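Descriptive structure summary
If you want the building blocks of each chain, they are given just below.
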Amino acid sequence: MNIERPSAEPAVGPRPRTRGFSPLRDLPTVGWLMAVGVAAAAHSVIPAPRWLMIHLLLLGAVTHSILVWSAHFTDAFLHCAPREVDQRLRTARLLVLNLGVLAVVTGVPAHWWPLTVAGALSVGAAVTWHGGERLVQARRALPSRFRATVRYYVAAATCLPLGATLGTLLARDPADPWHGRLILAHAVLNVLGWMGLTVVGTLVTLWPTMLRTRIPDGYEAATRTALPLLLAAVLLAATSSVAGWRLGTALGLATYLLGLGGVLRGFLAAARSKRPQSYPTWAVLAAVSWLVAGVGALLAAVLSSPTWTAVGDRFDTVTPLLAAGFGGQVLLGATSYLVPVVLGGGPTPVRAANAVLARAGALRIVLVNGGLLVSLLPVTGPVRSLCWAGVALGLAGFLPLMVLAMRASRRAKASSEAGRADGTLLRPSPAPVPPSPSGSPARWGSLVAGVAALALAVGAGTAVAPAGRGDGGSASAVAATGRTTTVQVRAEHMRFVPSTVTVPAGDRLVVVLTNADPGVVHDLTFGGGRSSPRIAPGGSARVDLGVVRQDAEGWCSVVGHRQLGMVLHVRVSGPAARLGTPAGSSGRTPAAVPSALDLHGTPPPGFTARDAVLPPLEEGRVHRRTITVREVEREVAPGVRQRLWTFDGTAPGPVLHGRVGDDFDITLVNAGSMGHSIDFHAGALAPDAVMRTIAPGQSLRYRFTAARAGVWLYHCSTMPMSAHIANGMFGAVVIEPPGLPRVDRSYVLVQSELYLGAQGGHVDLDKLQAERPDAVVFNGYANQYDARPLAARVGERVRVWVLDAGPDRASSFHVVGSQFDTTYLEGAYTLRPGQGGSQTLSLGAAQGGFVELTFPEPGRYPFVTHVMVDAERGARGVFAVSAAG
């Protein structure tokens, strides 16, 4: 096996011709592949990551490439050059396709059915249009040796619109057994029909061309004969699946394998004539092998599963074979061969680009195919995760290499042009560089590196979680039964119902979770990387625990939900080990205080403190405002960042200012990733509708009249309420009492607590429940008004509105070196000028008021909560008082 440098021998059959660069034709494939990488990196924070990565790859990158290259090959096979108007229409078709794919990959995770339908219609229309154009070209063209390939393209184009229709039905998450029946039919039409037929039809000429050999005798004839058989097999298997006829589905899949067998004889004959020597040829050979293995696995699943639900569950294990093994590798292998040829410029630029695209070829082949093989074995969760990381790395290596290959081609072209200019190319050129010998150091080094990386992944994953621990059980002596137990679980009222499920030891367990909590997002997480995506209300998802041999525990990972009791217990019946931590248990310990926390530290250069000045009153008596829930990462103390849930991006949220009798018309928009709500203490009305939890993407309108004066708290009231408040979802509404005198300066200080999680993380619920805050702060940042003092002048009257947002700690507001001559607490004056003095304003959680004072002389006057341990935790600041102006 030599996969480092391809031969430079002439190709056989029609070759792609050099063509100019077109952004809409050439860039989307790269964009979709990059999106796959982004989705893989962010899989823990995005909805439906597995579904998204598969569809970004197959529906996005592969489908776009099929439309581009099958049109290009049709032109070459039928010897017809498209007119300029045809090129414009093809560009428009690609635009329709990619907009449709974008709508689908956005609409399905967001549970937006109209967008999903629109996207599926666009994709189906683009592919139907594409197939119609190929059919018209074939009918108008003169007889051609390779007309059969074009017929494959037309047949393939009939499958995708049908598969897209089933995909829109699956987006509605039908109940079993319909889910298992539709998902199999969807895959048969899209993968075996649309992708499979296109690949089989193209390889009859492309495969010998890549190998630099002639087309074997009988290969073309076998391909022509197989087309009706393969198309009939696809339609039979898909129709039978929808109808619930498992025997018909099995017959269709077996027929598809029979048709593939007839075609693959010629495929293998070409490989025997000239064995694969380059990365593209080995990638395509591996892809075709995974196609055969995937179809065989589907056939075995249909024959061995007792129900359609079980078929759908077994299909999950076949998906990686068809997506990464077949779809990903055939795309990258073919593209790695075609790109240098299309870039053109003569043999030298082609060889230069080929040499770059062949780099680390053996390493990439081993990472992808070895990783897939190991992940199918009964290994631990960490081993499977590391192997999948290797698969992703092996596929992702194509992108930077493609950029480098294009640069190498341009440099070679420039060198050739310079040689023509100075006449050096008139001299005889040296003989083509022969392919590297099979035992070349570069080839063996890359191969050994791939095997070593795979072995390291297995060893490291096993060391983290020895076989049988954390991936379904530790009682390795319990044999797998081969059966699948599927259980239905609902999330409602912040509980899993049922909260305990029982499964026979050795069975494979699949949990189907349905979210029946209005407005609240949930998931189900087990250890070892087994987790559902975040599920919107009304949606559902599956979690496959694999073979279960010991008791396990799952939970909702949305912050605070586990602490409220969202725990699912899996009990194993029969001979099971129940030693140590249950399988799937997180073994979580409370997060320590971030090492960067220094309450005596100074904010970074350029730090701007929260503006504590009370916003001015608006002229109108109706205050309309849209408040958007946003999840943001913010610094909350010098060097300490937390992932906060906020109103309008700040914690506290915006200060609202009005008078008694004013009307507030608030629209709350949830742009977060989980359910949120809002509760205005300044209004009095039934909470049922206006304070309800809304799901991501939803909004509500909250209208109230401020009937009473005070400084009122508003906050998120979604359970667990303490977590939502402690993680930033609170703010103040200042309602002035009638006849409130004017003052020189008015400030607003909102005290709250920080229960710090890991750096960049969320609130730590264990600390919150134990009432152990890491910091207590004014206006969301520890000691910020020490570093950026509040201004005042001697003799000025200063009013300070103070609100204790909590969620738990009391406040005793005090200004060191001064006294209050006015205090107002919870809607009433407790002290007026001339009646005496006050040293503190004492507030419980969710209470507010204001104080007034004047400063007798210039200086720095600290203000604190006189709960001194909290002042030392960050609830302090300074008034910088200057001389009277």
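The rules behind the values
- Residues numbered from 1 in each chain as written.
- Predicted model: local features only at pLDDT ≥ 70, side-chain atom pairs only at ≥ 80, totals over all residues.
- Heavy atoms only, no water.
- Helix = DSSP H or I, 4+ residues; strand = E, 2+ residues; numbered from the N terminus.
- Buried < 20%, exposed > 50% of the residue type's maximum accessible area, 1.4 Å probe, protein only.
- Contact = heavy atoms within 4.5 Å.
- Areas by Shrake-Rupley, 256 points an atom, 1.4 Å probe, with all protein chains shown as cover.
- Phe/Tyr/Trp six-rings, centres within 6.5 Å; stacked < 30°, edge-to-face > 60°.
- Core = buried A, V, L, I, M, F, W, Y, C linked by side-chain atoms within 4.5 Å.
- 1 Å grid on protein atoms, 1.4 Å probe; cavity = no way out; pocket = protein on both sides within 12 Å on 5 of 7 lines; lining within 4 Å.
- Points joined across faces, edges and corners; volume = space filled by probe spheres on them.
- Nonpolar A, V, L, I, M, F, W, Y, C, P; charged D, E, K, R; others polar.
- Patch = residues over 30% accessible without salt bridge, like charges linked within 9 Å, V, L, I, M, F, W, Y side chains within 5 Å.
- Salt bridge = Lys/Arg side-chain N within 4 Å of Asp/Glu carboxyl O.
- Axes fitted to C-alpha atoms, helices over the stretch in contact; angles between N-to-C directions.
- Left-handed = near helix turned anticlockwise from the far one by under 90°.
- Pairing = 2+ DSSP bridges.
- Polar contact = N/O pair within 3.5 Å; in protein donor to acceptor, adjacent residues only side chain to side chain.
- Lys, Arg positive; Asp, Glu negative; His and termini not counted.
- Charge placed at Lys NZ, Arg CZ, Asp CG, Glu CD.
- Parallel < 35°, antiparallel > 145°, perpendicular 65-115°, else oblique.
- Expected span 1.5 Å × (residues − 1).
- pLDDT = per-residue confidence, 0-100.

**Observations regarding the overall build of the protein chain**
Counting its regular elements, the protein chain contains 21 helices and 26 strands. Within the protein chain, the fraction of its 885 residues that count as buried is 56%. Contacts in the protein chain between residues at least 24 apart in sequence constitute 76% of all its contacts with a sequence separation of at least 6. Split by element, the accessible area of the protein chain, about 35500 Å² in all, is 61% carbon and sulfur.

**Examining the packing of aromatic side chains**
Counted according to the given criterion, the structure contains 24 aromatic pairs. Ring geometry for Phe778 and Phe813: centres 6.2 Å apart, planes at 80 degrees, overall edge-to-face. On the criterion of sequence distance, the pair formed by Phe778 in strand 17 (residues 775-778) and Phe813 in strand 20 (residues 811-815) is long-range, its members being 35 residues apart. Classification of Phe778 as buried rests on a relative accessible area of 1%.

**What to know about the nonpolar core**
With 118 residues, the main nonpolar core has Leu192, Trp194, Trp207, Leu253 and Phe326 as its most contacted residues. Top contributing element to this core by residue count: helix 7 (residues 178-211), with 20 residues. Counting 58 residues, the second largest nonpolar core, distinct from the first, contains Ala491, Ile535, Val690 and Ile694.

**Things to note about empty space enclosed by the protein**
In this approach the atoms are scanned with a rolling probe the size of a water molecule, which exposes any empty space left behind. Within this structure, the stated rule accounts for six cavities of 30 Å³ or more. Lining the largest cavity are 17 residues, with Ile66, Thr198, Val199, Val330 and Ala334 positioned closest to its centre. Mapped by element, the contributors of at least two residues to the lining of the largest cavity are helix 3 (49-77), helix 7 and helix 11 (308-343). Its residues assigned to classes, the lining of the largest cavity comprises twelve nonpolar, five polar and no charged.

**So, a nonpolar patch on the surface**
Together, Leu89, Val96 and Trp129 give the surface a local cluster of nonpolar side chains, amounting to about 220 Å² of exposed area. Along the chain, Val96 falls in helix 4 (residues 84-107).

**A closer look at the packing of helix 3 against helix 7**
Two measures define how a pair of helices packs: the angle their axes make with one another and the distance between the axes. The N-to-C vectors of helix 3 and helix 7 enclose an angle of 35 degrees; their axes lie 11 Å apart at closest approach. Handedness of the helix 3/helix 7 crossing: left-handed. Side by side, helix 3 and helix 7 meet where His55, Leu58, Val62, Thr63, Ile66, Leu67, Phe73 and Phe77 of the first sit next to His186, Val191, Trp194, Met195, Thr198, Thr202, Thr205 and Leu206 of the second. Taken together, the residues that form the contact of helix 3 with helix 7 break down as ten nonpolar, six polar and no charged.

**Things to note about the sheet that holds strand 5 (residues 540-547)**
Strand order in this open sheet of four strands is 2-1-4-5, and the pairing throughout is mixed. Of all the strands in the sheet, just strand 2 (495-497) and strand 5 have a single pairing partner and so form its edges. Adjacent strand axes in the sheet meet at a mean angle of 25 degrees, parallel and antiparallel pairs treated alike. With eight bridges joining them, strand 1 (residues 484-492) and strand 4 (residues 508-515) adopt parallel strand pairing. Paired with Val489 across the bridge in strand 4 is Leu513.

**Quick look at the sheet that holds strand 9 (residues 640-647)**
A sheet is described by the order of its strands in space; here four strands give the open sequence 9-8-11-13, paired in mixed fashion. The open sheet has two free edges, formed respectively by strand 9 and strand 13 (699-705), since each of these has just one partner strand. Each strand axis lies, on average, 25 degrees off the axis of its neighbour in the sheet, ignoring direction. Relative to strand 9, strand 8 (residues 622-637) is paired through eight bridges, and the arrangement is antiparallel. Within the sheet, the bridge partner assigned to Arg630 lies in strand 9 and is Thr646.

**Quick look at the pattern of salt bridges**
According to the stated counting rule, one finds 22 salt bridges in the structure shown. Close ionic contact of Arg214 with Asp217 constitutes a salt bridge, the shortest N to O distance being 3.3 Å. Among the ionic contacts, a cluster of salt bridges with common partners joins Asp75, Arg90, Arg93, Glu133 and Arg134.

**Focus on the environment of Glu826**
Along the chain, the position of Glu826 falls in the loop between strand 21 (822-825) and strand 22 (828-831). Each C-alpha atom of the pair Glu826 and Phe850 lies 9.1 Å from the other, and the pair is 24 residues apart in sequence. When sequence neighbours within four positions are dropped, the list of residues in contact with Glu826 reads Ala846, Gln847 and Gly848. For Glu826, the side chain forms a polar contact with the main-chain nitrogen of Gly848, separated by 2.9 Å.

**Some remarks on a positive patch on the surface**
A cluster of basic residues, Arg359, Arg407, Arg410 and Arg411, forms a positive patch on the protein surface. Relative to the elements of secondary structure, Arg411 occurs in helix 15 (residues 398-422).

**Overview of the environment of Arg630**
Mapped onto the elements, Arg630 comes out in strand 8. Distance from Arg630 to Thr646, taken between C-alpha atoms, is 5.3 Å for residues 16 residues apart in sequence. Beyond its immediate sequence surroundings of up to four residues, Arg630 is in contact with Leu644, Trp645, Thr646 and Gly649.

**Quick word on the packing of helix 8 (residues 219-243) against helix 9 (residues 246-273)**
With their axes 8 Å apart at the nearest point, helix 8 and helix 9 run at an angle of 165 degrees to one another. In terms of orientation, helix 8 and helix 9 fall into the roughly antiparallel class. Regarding helix 8 and helix 9, the two cross each other, and that crossing is left-handed. Among the residues forming the contact of helix 8 with helix 9, the class breakdown is 16 nonpolar, ten polar and no charged.

**Observations concerning helix 2 (residues 28-41)**
The first and last C-alpha atoms of helix 2 sit 20 Å apart over 14 residues, in line with the 20 Å expected at 1.5 Å per residue. Listing the buried residues of helix 2 in full gives Pro28, Thr29, Val30, Trp32, Leu33, Val36 and Ala39.

**Some points on unusual backbone geometry**
Cis rather than trans, the peptide bond between Ala651 and Pro652 has omega equal to 5 degrees. Inspection of the secondary structure assignment puts Pro652 in the loop between strand 9 and strand 10 (656-659). The omega torsion of the bond from Met719 to Pro720 falls at -5 degrees, within 30 degrees of zero and hence cis. Mapped onto the elements, Pro720 comes out in the loop between strand 14 (710-715) and helix 18 (721-726). Its identity is not glycine, yet His493 carries a phi of approximately 55 degrees, on the positive side. For His493, the location among the structural elements is in the loop between strand 1 and strand 2. Positive phi, normally seen in glycine, also occurs at Ala846, with a value near 75 degrees.

**Considering the confidence of the model for the protein chain**
This prediction gives the protein chain a mean pLDDT of 84; 85% of its residues lie at or above 70. Residue range residues 465-477 is modelled with pLDDT below 50. Its contacts to residues more than four positions away, or to other chains, number 35 contacts.

**Points about the pairing of strand 22**
In this structure, strand 21 lies alongside strand 22, joined through three bridges in antiparallel fashion. When the sheet's bridge partners are listed, Tyr824 is paired in strand 22 with Tyr829. In this structure, the hairpin formed by strand 21 and strand 22 is closed by a connection of two residues, where Glu826 is found at a positive phi of approximately 50 degrees.

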